[in-house]
Amino acid sequence: MRLVVDLNRCQGYAQCAFLAPDVFVMHGEEALMYDPGADETQREQIMRASAACPVQAILVDQVDLAEGALAHVG
Ligand code: SF4
């Protein structure tokens, strides 16, 4: 599955790292690292993390949309 986090939007709330720790990992207080090619078996956790993100920064299977969204930042 394709996974994109809009890191311009991400505020480091770490909800995702809490809900899908195999995919999202916080490094320090604000730096988020994630697996953009996460396995399909992680989908449910990722969907939960996406729904829980306070700023809707996690986009699943919407890579074209994500690129469009990023193009509007700055
Ligand atoms: S829950 Fe959203 S804002 Fe928080 S670290 Fe994850 S992607 Fe960033």
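Not measured: the values here are computed from a predicted model.

1. Comments concerning the overall build of the protein
Point 1. A count of helices and strands for the protein gives 3 helices and 4 strands.
Point 2. Listing each helix as α and each strand as β along the protein from the N terminus yields β-α-β-β-α-β-α.
Point 3. Long-range pairs, those at least 24 residues apart, make up 61% of the contacts in the protein between residues at least 6 apart in sequence.
Point 4. With the model as given, the accessible surface of the protein reaches about 4700 Å², and the carbon-plus-sulfur share is 51%.

2. Thoughts on the site of the ligand
Point 1. By nearness alone, 13 residues border the ligand, and Cys 10, Tyr 13, Ala 14, Cys 16 and Cys 53 come closest of all.
Point 2. A breakdown of the residues in the shell around the ligand according to their chemical character gives 10 nonpolar, 3 polar and no charged.

3. A closer look at helix H2 (residues 43–52)
Point 1. Restricting attention to buried positions, one finds in H2 the residues Ile 46, Ala 49 and Ser 50. Buried residues of H2 fall within an arc of 100° about the axis and therefore sit on the same side. Relative to its buried face, H2 has exposed residues pointing more than 90 degrees away, namely Glu 44 and Ala 51.
Point 2. Its buried side turned inward, H2 meets strand S1 (3–5), helix H1 (15–19), strand S2 (24–27) and strand S4 (58–60).

How each quantity is defined
- Residues numbered from 1 in each chain as written.
- Predicted model: local features only at pLDDT ≥ 70, side-chain atom pairs only at ≥ 80, totals over all residues.
- Heavy atoms only, no water.
- Helix = DSSP H or I, 4+ residues; strand = E, 2+ residues; numbered from the N terminus.
- Contact = heavy atoms within 4.5 Å.
- Areas by Shrake-Rupley, 256 points an atom, 1.4 Å probe, with all protein chains shown as cover.
- Near = heavy atom within 4 Å.
- Nonpolar A, V, L, I, M, F, W, Y, C, P; charged D, E, K, R; others polar.
- Buried < 20%, exposed > 50% of the residue type's maximum accessible area, 1.4 Å probe, protein only.
- Arc of directions from axis to C-beta.

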